[in-house]
Amino acid sequence: MKLNTKIIHAGVAPDPGTGAIMTPIFQTSTFVQTGPNQHKGYDYSRAGNPTRTALEKSLAALENAQHGLAFSSGVAATETVIKLLKPGDEVIAANDMYGGTYRLFSKIWEDYGIRFIYTNTSHTENVAKAVTDKTKLIWIETPTNPLMNITDIAAVAAIAKKAGALLCVDNTFASPYLQNPIDQGADIVMHSATKYLGGHSDVVMGALMFNGDALRERLFFIQKSSGAVPGPMDCFLVLRGIKTLHVRMQRHCENGEKIARFLAAHDKIKKVYWCGFQDNPGYAVAQKQMRGFGGMMSFELKDDSVAAATKVLTSTKVIALAESLGGVESLINHPATMTHASIPREERIKYGLSDSLIRLSIGIEDAADLIADLEQALA
Ligand SMILES: *Cc1c(COP(=O)(O)O)cnc(C)c1O
């Protein structure tokens, strides 16, 4: 089945009891049993719920994986992967990944004896050099937030395989429509379903997709034991969001390209970070492993100051100033004072996150309105 058809149909079958074409919201904590431990596959909604099962099957299909698991947030999904590890184990992680992932690793799991080695994974030789006999997991994100750096998934998968470590790819920015890391050799794909999968800025959720029954046993055991599961209503919302993933992503890509080209030609702008530009260092790899370049981008002003950036950020009228991304509406954000404010300025600038850097999540509005909005805000 092709992706556009899987997006609509995978995991979802008409309700056998009523014929309802949409998966019902099974808003129940428990299930009546005909005898002790005799039930229809569900005994308690932390362990399993039919609305969640439909979503998990759909999630697996989107990433060409055998299994999918849904969690109460993206970071809960991430934490579930870390719980596969033991004290003394080492993780090689990207040095410019999502701030919440870095916080979870460095401020929580480091204290439990897991060691995290951060490196620039865009240069895969850095990953190979960081491998030791204790490396159990490699964690990458591509494209990254907010500089749209690209890492070669297949090259890192080869390093992981040789090291006997798992490779987990945070595929939130690309979405399954643009990139399928398991096809490139990754072991686990992680999503913040809060973003493109949900797609409507109305739900917080996370997901893991992977192959192998043994890995499913371990991850499912952690999911039900730790309990960071999403409720049935949220599962319904993400199931519904997924049904339009392909048409939304097509428009995100079209609008993204138009706005990236508009910004690059603007005389107040110094640089635009978008992985579809040929002079982007990751362009060749992005072309190899992605089916499009998406609607995420950042740009720097020639007047590289927080004040100049603030002026732009507070002047847009259609584009809303907010954290998060991947919804139908366009959002603008200032990494230096918002998403990346916890990084000391010196270190932030070293990573290329300058004072005036502005991130855009381009939505699916009319591109002409978005361009006009940016034009007047930059003026
Ligand atoms: C938002 C996000 C997360 C965290 O997901 P939540 O759903 O907010 O917990 C992880 N990775 C990336 C790339 C994100 O954008």
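Residue indices begin from 1 for each chain and proceed along its sequence in written order. Thresholds applied to this predicted model are a pLDDT of at least 70 for local features of residues and 80 or more for the giving and counting of side-chain atom pairs; totals over whole chains, interfaces and linings are not thresholded and use all residues. Think of the side-chain values as coming from all heavy atoms in the structure, minus any hydrogens and water.

By the naming in an unreviewed UniProt entry, the protein is Cystathionine gamma-synthase, taken from Niabella ginsenosidivorans. UniProt positions are given in the numbering used here, feature names are shortened, and annotations may be inferred rather than shown by experiment. If you open the UniProt record of the protein and go to Cofactor (unreviewed entry), you find "pyridoxal 5'-phosphate".

J.: Just checking my understanding: could you explain the environment of Glu90 for this structure?
T.: Helix and strand definitions follow DSSP, with helices as H or I runs of at least four residues and strands as E runs of at least two, each counted in order from the N terminus. Assignment of secondary structure puts Glu90 in strand S2 (residues 90-94). In this structure the C-alpha to C-alpha distance between Glu90 and Lys136, which are 46 residues apart in sequence, comes to 5.9 Å. Any pair of residues with heavy atoms lying within 4.5 Å of one another is described as a contacting pair. Among all residues touching Glu90, those that are not within four sequence positions of it are Arg115, Ile117, Thr132, Lys134, Thr135, Lys136 and Leu137.

J.: Explanation requested: the sheet that holds strand S8 (residues 269-273) in the structure shown.
T.: Within a sheet, neighbouring strands are paired by backbone hydrogen bonds and run either parallel or antiparallel to one another. Pairing between two strands requires that DSSP report at least two bridges joining them. Pairing in this open sheet of 5 strands is mixed, and the strands run S8-S9-S12-S11-S10 from one edge to the other. The two strands at the open ends of the sheet, each matched to only one other strand, are S8 and strand S10 (320-321). Of the strand pairs in this sheet, strand S9 (residues 296-301) and strand S12 (residues 358-361) are connected by 4 bridges, and their pairing is antiparallel. Residue pairing for S12: Phe299 is matched across the bridge by Ile358.

J.: Explain the sheet that holds strand S3 (residues 115-119) here, please?
T.: Read from one edge of the open sheet, 7 strands run S1-S7-S6-S5-S4-S2-S3, paired in mixed fashion. Either end of the sheet is taken by a strand with one partner, and the two such strands are strand S1 (67-71) and S3. Between one strand axis and the next, the sheet turns through 20° on average, direction left out of account. Across 5 bridges, strand S4 (residues 135-141) lies against strand S5 (residues 166-170) in parallel orientation. Residue pairing for S5: Ile138 is matched across the bridge by Leu167. Lines fitted to the C-alpha atoms define the axes, with helices restricted to the stretch that makes contact. Angles between their N-to-C directions range from 0 to 180 degrees.

J.: Sorry, what's going on with the pairing of strand S7 (residues 206-210) here?
T.: A regular strand places its side chains so that they alternate between the two faces of the sheet. Counted residue by residue, S7 has 5 buried out of 5 residues, so it is predominantly covered. Alternating residues of S7 divide into Gly206, Leu208 and Phe210 and Ala207 and Met209, and every residue in both groups is buried. As defined by bridge partners, strand S6 (residues 188-192) adjoins S7 across 5 bridges and the pair is classed as antiparallel. When the sheet's bridge partners are listed, His191 is paired in S7 with Ala207. The buried label goes to any residue with under 20% of its type's maximum accessible area, the exposed label to any with over 50%, and the partly exposed label to all in between, with areas taken from a 1.4 Å probe on protein chains only.

J.: Even after reading the chapter, I still don't get the site of the ligand, so can you show me in this structure?
T.: By convention in these notes, a residue is near a molecule or strand provided one of its non-hydrogen atoms lies within 4 Å of it. Near the ligand you find 14 residues, and of these Gly74, Asp170, Ser192, Thr194 and Lys195 are the closest. Whenever two N or O atoms come within 3.5 Å, that pair is a polar contact, provided that in protein one can donate a hydrogen and the other can accept it, and provided that, for residues adjacent in sequence, both atoms are side-chain atoms. Gly74 is positioned with one of its backbone polar atoms (N or O) 2.9 Å from an oxygen atom of the ligand. Measuring from an oxygen atom of the ligand, one finds a side-chain N or O atom of Lys195 at 2.7 Å. With residues, only the protein chains shown are counted as cover, and all accessible areas are computed by Shrake-Rupley using a 1.4 Å probe. Burial of the ligand by the surrounding chains reaches 92%, relative to a free accessible area of 380 Å². Lining residues are those with an atom within 4 Å of a point, where the points come from a 1 Å grid over the protein atoms alone and group into cavities, where a 1.4 Å probe fits but cannot get out, or pockets, open sets with protein on both sides within 12 Å along at least five of seven lines. Whether a molecule lies in a cavity or pocket depends on its atoms, and more than half of them have to be within 2 Å of the grid points. Put simply, the ligand lies in the largest pocket. Elements with a contribution of two residues or more to the shell around the ligand: helix H3 (74-82) and S6. For this scheme, ten residues count as nonpolar: Ala, Val, Leu, Ile, Met, Phe, Trp, Tyr, Cys and Pro. Four count as charged, namely Asp, Glu, Lys and Arg, and the remainder, Gly too, count as polar. Counted by class, the shell around the ligand contains 6 nonpolar, 5 polar and 3 charged residues.

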